[in-house]
Amino acid sequence: MENQCSQIMMFRKQLKNRLSPMRYEHSLSVSFTCMSLAMRYGYDMNKAELAGLMHDCGKRFSDEVILKKCLKHGIPVTESENKALAVLHAKYGAWLAENKYQIRDEEILSAIACHTTGKPDMTTLDKILYIADYIE
């Protein structure tokens, strides 16, 4: 538990330095809402907190820059995503979470990747993050 708290605090510090103040505050709010929803639906609150905190870690760049970064790192971009670039920060954020922040939990990475669009057969965490981001 203590290790998880120190990990969350480390991620908060990193995000505070990388995101705009409004985006950082939004990420904190989504994280808290994820925890509330996790408590309500009997889901792991620590995983929900981390997914909520990290969900917009890729949103520090413009949509065009995010597209270039996705292509550079081999992140698939669909025709629909190419027409609505604002949703791409989710896929790029999942890539960042795994490759820059060393998050290895596939369920957290999935939730980050689909938090803007949803997907078929969403997991409980996918749904929690999707709804938390929407209502925040």
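**Student:** Sorry, what's going on with helix H3 (residues 45–54) here?
**Tutor:** Three- or four-residue spacings in an α-helix give side chains the same orientation, since the helix completes a turn every 3.6 residues. The buried fraction of H3 amounts to eight of the ten residues, a majority that puts the element mostly inside the structure. Near the N-terminus of H3, the side chain that reaches the backbone nitrogen of Asn 46, with its oxygen 2.8 Å away, is that of Asp 44.

**Student:** Explanation requested: the nonpolar core in the structure shown.
**Tutor:** Membership of the largest hydrophobic core comes to 38 residues, with the highest contact counts inside it found for Leu 15, Met 54, Tyr 101 and Ile 103. Counting only elements with at least two residues in this core, the list comes to helix H1 (2–18), helix H2 (21–41), H3, helix H4 (63–72), helix H6 (88–99), helix H7 (106–113) and helix H8 (124–135).

**Student:** What is the right way to look at the packing of H6 against H7 in this model?
**Tutor:** Any two packed helices are characterised by how steeply their axes cross, that is the angle between the axes, and by the distance between the axes. It is the contact of H6 with H7, at a shortest axis distance of 7 Å, that shows an interaxial angle of 155 degrees. The orientation of H6 relative to H7 falls into the category roughly antiparallel. On the side of H6, the interface is formed by Ala 90, Lys 91, Gly 93, Ala 94, Ala 97 and Glu 98, while H7 contributes Leu 109, Ile 112 and Ala 113. Residue composition of the contact of H6 with H7, grouped by class: six nonpolar, one polar and two charged.

**Student:** Mind showing me how you'd approach H4 here?
**Tutor:** Buried within H4 are the following residues: Ile 66, Leu 67 and Cys 70. All buried residues of H4 lie within an arc of 105 degrees about the axis, which places them on one face of the element. Opposite the packed face of H4, turned more than 90 degrees from it, sit the exposed residues Lys 68 and Lys 72. Those residues of H4 that are buried are in contact with helix H5 (79–83) and H6. Phi turns positive one or two residues past the end of H4, at Gly 74, with a value near 75 degrees.

**Student:** Could you clarify how one ought to interpret the packing of aromatic side chains in this entry?
**Tutor:** Pairs of aromatic rings are described using the distance from one ring centre to the other and the angle between the two planes. The full count for this structure, using the stated rule, is three aromatic pairs. Residues Phe 11 and Tyr 101 carry aromatic rings whose centres are separated by 5.8 Å and whose planes lie at 80 degrees to one another, so their mutual orientation is edge-to-face. Of this pair, Phe 11 sits in helix H1 while Tyr 101 sits in the loop between H6 and H7, and the two are 90 residues apart along the sequence. Taken together, the ring pairs in this structure connect Phe 61, Tyr 92 and Trp 95 into an aromatic cluster. The ring of Tyr 41 is capped by Arg 40, whose NZ or CZ atom sits 4.6 Å from the centre of that ring. Lys 69 extends its terminal NZ or CZ atom over the ring of Phe 61, reaching a point 4.6 Å from the ring centre.

Calculation notes
Numbering of residues starts from 1 in every chain and runs along the sequence as written. Per-residue local features are limited, in this predicted model, to residues with pLDDT of at least 70; the limit for side-chain atom pairs, both in listing and counting, is 80 or more; totals at the level of whole chains, interfaces and linings are taken over all residues. Remark: hydrogens and water are excluded; side-chain values derive from all non-hydrogen atoms of the structure. Relative accessibility decides the category of a residue: with a 1.4 Å probe and only protein chains considered, values under 20% of the type maximum give buried, values over 50% give exposed, and everything between is partly exposed. In this text, helices come from DSSP runs of H or I with a minimum length of four residues, and strands from runs of E with a minimum of two, each type numbered from the N-terminal end. Whenever two N or O atoms come within 3.5 Å, that pair is a polar contact, provided that in protein one can donate a hydrogen and the other can accept it, and provided that, for residues adjacent in sequence, both atoms are side-chain atoms. Here, nonpolar core means buried Ala, Val, Leu, Ile, Met, Phe, Trp, Tyr and Cys residues that are tied together by side-chain atoms lying within 4.5 Å of each other. An axis is simply a line fitted to the C-alpha atoms; with a helix, the fit covers only the stretch in contact. Between two such axes, the angle follows the N-to-C directions and lies from 0 to 180 degrees. The labels follow the angle: roughly parallel below 35 degrees, roughly antiparallel above 145, roughly perpendicular from 65 to 115, and oblique for the rest. Working rule for contacts: check all heavy atoms of both residues, and any pair within 4.5 Å makes them a contact. Under this grouping Gly is polar, as are all residues other than the nonpolar Ala, Val, Leu, Ile, Met, Phe, Trp, Tyr, Cys and Pro and the charged Asp, Glu, Lys and Arg. What the arc measures is the spread of directions leading from the helix axis to the C-beta atoms. When two rings of Phe, Tyr or Trp (its six-membered ring) have centres within 6.5 Å they constitute a pair, described as stacked for plane angles under 30 degrees, edge-to-face for angles over 60, and tilted for the intermediate range. We call a charge positioned over a ring when the NZ of a Lys or the CZ of an Arg lies within 6 Å of the ring centre and within 35 degrees of the ring normal.

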